[in-house]
Amino acid sequence: KLADFRGRWRLTRRIDDARAGVVGRLDGQALFTVEAQGLVLTETGLLRYGDGPPMRAERRYLWRAEGRGIAVLFDDGRPFHWFSGAATKAAHDCPPDLYRVRYDFSDWPDWRTIWHVTGPRKAYEMVSHYAPDARDSTQVYE
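In this convention, every chain numbers its residues from 1, walking through the sequence in written order. It should be noted that, the model being predicted, local features are given only for residues of pLDDT at least 70 and side-chain atom pairs only at 80 or more, the latter also being counted only at that level, while totals for whole chains, interfaces and linings use all residues. Side-chain metrics in this entry use all non-hydrogen atoms of the structure; hydrogen atoms and water are not considered.

## Observations regarding the overall build of the protein
Item 1. In this text, helices come from DSSP runs of H or I with a minimum length of four residues, and strands from runs of E with a minimum of two, each type numbered from the N-terminal end. Secondary structure summary: the protein contains zero helices and ten strands in total.
Item 2. The quantity called the radius of gyration is restricted to C-alpha atoms. Its globule counterpart is 2.2 Å times the number of residues to the power 0.38. Computed over C-alpha atoms, the radius of gyration of the protein comes to 15 Å, within 12% of the 14 Å expected from 2.2 N^0.38 for 142 residues, which places it in the range of a compact globule.
Item 3. With respect to the principal axes defined by its C-alpha atoms, the protein has extents near 40 × 35 × 30 Å.
Item 4. Remark: exposure states derive from per-residue accessible area (1.4 Å probe, protein chains only) relative to the maximum for the residue type, with buried under 20%, exposed over 50%, and partly exposed in between. In the protein, buried positions account for 41% of the 142 residues.
Item 5. Computing the positive centroid from 22 side-chain charges and the negative centroid from 20, the protein places the two 1 Å apart. A residue counts as positive if it is Lys or Arg and as negative if it is Asp or Glu; His and the chain ends are not included. By convention, the point assigned to a charge is CZ for Arg, NZ for Lys, CD for Glu and CG for Asp.

## Structural notes on the environment of Pro 120
Item 1. Locating Pro 120 in the fold gives a position in the loop between strand E9 (111-119) and strand E10 (122-132).
Item 2. Overall, the relative accessible area of 51% leaves Pro 120 in the exposed class.
Item 3. Linking Pro 120 and Asp 97, residues 23 residues apart in sequence, is a C-alpha distance of 7.2 Å.
Item 4. Residues contacting Pro 120, with those up to four places away along its chain left out, are Arg 19, Pro 96 and Asp 97. We call two residues in contact whenever any of their non-hydrogen atoms come within 4.5 Å of each other.

## Re the nonpolar core
Item 1. Only buried residues count toward a nonpolar core. Its members are Ala, Val, Leu, Ile, Met, Phe, Trp, Tyr and Cys residues joined through side-chain atoms within 4.5 Å. Counting residues in each nonpolar core, the largest one holds 27 residues, and the members touching the most others are Phe 32, Trp 63, Val 72 and Trp 111.
Item 2. With sequence-adjacent residues up to four places away left out, Phe 32 is seen in contact with Phe 5, Arg 6, Gly 7, Trp 9, Leu 39, Val 40, Leu 41, Trp 63 and Trp 111.

## A look at the packing of aromatic side chains
Item 1. Classification of ring pairs uses Phe, Tyr and Trp, with its six-membered ring standing for Trp, and accepts pairs whose centres are within 6.5 Å; under 30 degrees between planes counts as stacked, over 60 as edge-to-face, and the remaining range as tilted. Within this structure, the stated rule accounts for 21 aromatic pairs.
Item 2. With a centroid separation of 5.0 Å and an interplanar angle of 65 degrees, the aromatic rings of Phe 5 and Trp 63 are classed as edge-to-face. A residue pair is termed long-range when its members are at least 10 positions apart, and Phe 5 in the segment before strand E1 (7-17) and Trp 63 in strand E4 (residues 55-66) qualify at 58 residues. Each member of the pair, Phe 5 together with Trp 63, is buried.
Item 3. Consider the rings of Trp 9 and Trp 108, whose centres lie 5.7 Å apart with planes at 55 degrees: the pair is tilted. Taken together, the positions of Trp 9 in strand E1 and Trp 108 in the loop between strand E8 (97-104) and E9 put the pair 99 residues apart, joining distant regions of the chain.
Item 4. What links up through ring pairs into an aromatic cluster is the set Phe 5, Trp 9, Phe 32, Trp 63, Phe 83, Tyr 103, Phe 105, Trp 108, Trp 111 and Tyr 130.

## Here we look at the pairing of E9
Item 1. In this structure, E8 lies alongside E9, joined through seven bridges in antiparallel fashion. When the sheet's bridge partners are listed, Asp 104 is paired in E9 with Arg 112.
Item 2. Only strands joined by at least two bridges in the DSSP assignment are considered to pair. Taken together, E8 and the strand that follows it, E9, pair antiparallel across an intervening segment of six residues.
Item 3. Strand direction decides the pairing type here: E9 and E10, joined by nine bridges, are antiparallel. Its bridge partner being in E10, Val 117 is matched across the sheet by Tyr 124.

## Here we look at the pattern of salt bridges
Item 1. What makes a salt bridge here is a side-chain nitrogen of Lys or Arg within 4 Å of a carboxyl oxygen of Asp or Glu, nothing more. For the coordinates displayed, the defined rule picks out nine salt bridges.
Item 2. The shortest N-O distance in the salt bridge between Asp 16 and Arg 14 comes to 3.0 Å.
Item 3. Residue classification places Asp 16 among the partly exposed positions, given a relative accessible area of 28%.
Item 4. Of the charged contacts in the structure, one is a salt bridge between Glu 43 and Arg 59, with a shortest N-O distance of 2.9 Å. With Glu 43 in strand E3 (residues 38-49) and Arg 59 in strand E4, this residue pair connects regions lying 16 residues apart in the sequence.
Item 5. What you see here is one network of salt bridges that share partners, running through Arg 13, Glu 43 and Arg 59.

Listed below in structure tokens is the structure:
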């Protein structure tokens, strides 16, 4: 359920960009904060992409309880995708690109997302690992 994600998570991400022949890695945190309609997910970290200089990265999404699952929205409220514990695969068609994701909760409270992105200029896999942040006493795992 939505409340299970509340709090701070350690985040590590690997991006295998087949089109560019580059590997990226992000080390940072994912923070789920409560707001009136659900949770706001803010991911921040340091991104190293190939041989380029490290850069700060940040992105935000809105998570809402919807039916028996969770609707993920872009930070401006546009729909992104929906998932549940029983339906862990989702897709977002953004022509000409297709974003497919699988959520893996098999090692809860550690969990991960596996994205496959394809399009005329995109071909990458992005795997993100989320683990409870020991400094966050607000997390409750059920």
